[in-house]
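# Results of the structural survey
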Amino acid sequence: MKIQENAVVGMHYTLKNSDGEVIDSSEGGDVLSYLQGAGNIITGLEKALEGKEKGDKIDVSIEPEEGYGPHREELIQEAPVSAFQGVDNLEVGMGFQAETEQGPIPVRITAIEGETVTVDGNHELAGEKLFFSVSIEEVREATEDELAHGHIHGEGCNHDH
Ligand code: ZN
């Protein structure tokens, strides 16, 4: 069957940035499975895979708008170290949930200078053009449970029911 909304797709992928560096890859590991049309993966990749089938291999470049979004300066903020009371060993790279007017968003510490901590709510790949090489390993119909939950079950499912 072809990839269409509500298909479960298993794929191997390699993601590179515009410098050709490998950022992420499933090669040598498990197939990544997702539910097409449910927003499990970035929009640009869902679009590129629509209509493809098992055995197809594609190379696709994805603009930030259909990837992890543009890089937004306003998501970078400075806070005093005292705002992190209760956190031992503050380090660059640590992740937190920050409470904002739009609800909680994940942020990372990108710098600590003296008493000032810089946190960044941008996705690490925000603003980046993404280059995916994908091989499609499996395409199947989703089960009713999977459709109701909006994600795949079985191999690779990591939540309790
Ligand atoms: Zn579920």
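Heads up: these notes are all about the structure in this document. (Residues numbered from 1 in each chain as written. Predicted model: local features only at pLDDT ≥ 70, side-chain atom pairs only at ≥ 80, totals over all residues. Heavy atoms only, no water.)

## Let's talk about the packing of aromatic side chains
How two aromatic rings sit relative to each other is set out by the distance from centre to centre and by the angle between their planes. Where we set the bar: Between rings of Phe, Tyr and Trp, where Trp is taken as its six-membered ring, a pair exists when centres lie within 6.5 Å; planes separated by under 30 degrees are stacked, by over 60 edge-to-face, and by other angles tilted. To qualify as a helix, a DSSP run of H or I must reach at least 4 residues; to qualify as a strand, a run of E must reach at least 2; elements of each kind are numbered from the N terminus. Burial status follows relative accessibility: with a 1.4 Å probe on protein chains alone, a residue under 20% of its type maximum counts as buried, one over 50% as exposed, and anything between as partly exposed.
Enumeration according to the criterion identifies two aromatic pairs in this entry. A ring pair is formed by tyrosine 13 and phenylalanine 132, whose centres lie 6.4 Å apart and whose planes are at 50°; its orientation type is tilted. Here tyrosine 13, found in strand β1 (residues 7–16), pairs with phenylalanine 132, found in strand β9 (residues 130–141); they are 119 residues apart in sequence, far enough to count as distant. Assessed through its relative accessible area of 12%, tyrosine 13 is described here as buried.

## Comments concerning the pairing of β1
Remember that side chains alternate between the two faces of the sheet whenever the strand is regular. What counts, and what does not: What makes two strands pair is DSSP finding at least two bridges between them.
Burial analysis of β1 places nine of its ten residues in the buried class, the great majority of the element. The sheet contact formed by β1 and β9 spans ten bridges and is antiparallel. Residue valine 8 lies in a different strand from β9, and its bridge partner there is arginine 140. Here β1 runs beside strand β3 (residues 32–35); their pairing, made up of four bridges, is antiparallel.

## Focus on the layout of surface pockets
Heads up, the rule is: Throughout, the protein atoms alone are placed on a 1 Å grid, and a set of points is a cavity if a 1.4 Å probe fits but cannot get out or a pocket if it is open with protein on both sides within 12 Å along at least five of seven lines; lining residues have an atom within 4 Å of a point. Grid points are joined across faces, edges and corners, and a volume is the space filled by probe spheres set on the points. When residues are sorted by character, Ala, Val, Leu, Ile, Met, Phe, Trp, Tyr, Cys and Pro go into the nonpolar class, Asp, Glu, Lys and Arg into the charged class, and all the rest, Gly among them, into the polar class.
If you add up the space inside the largest pocket, you get close to 390 Å³. In this structure, the largest pocket is lined by 19 residues; those nearest its centre are Gln77, Ala98, Thr100, Ile105 and Val107. Residue assignment for the lining of the largest pocket shows that the elements contributing at least two residues are β5 (76–80), β6 (95–98) and β7 (105–113). Its residues placed into classes, the lining of the largest pocket shows ten nonpolar, five polar and four charged.

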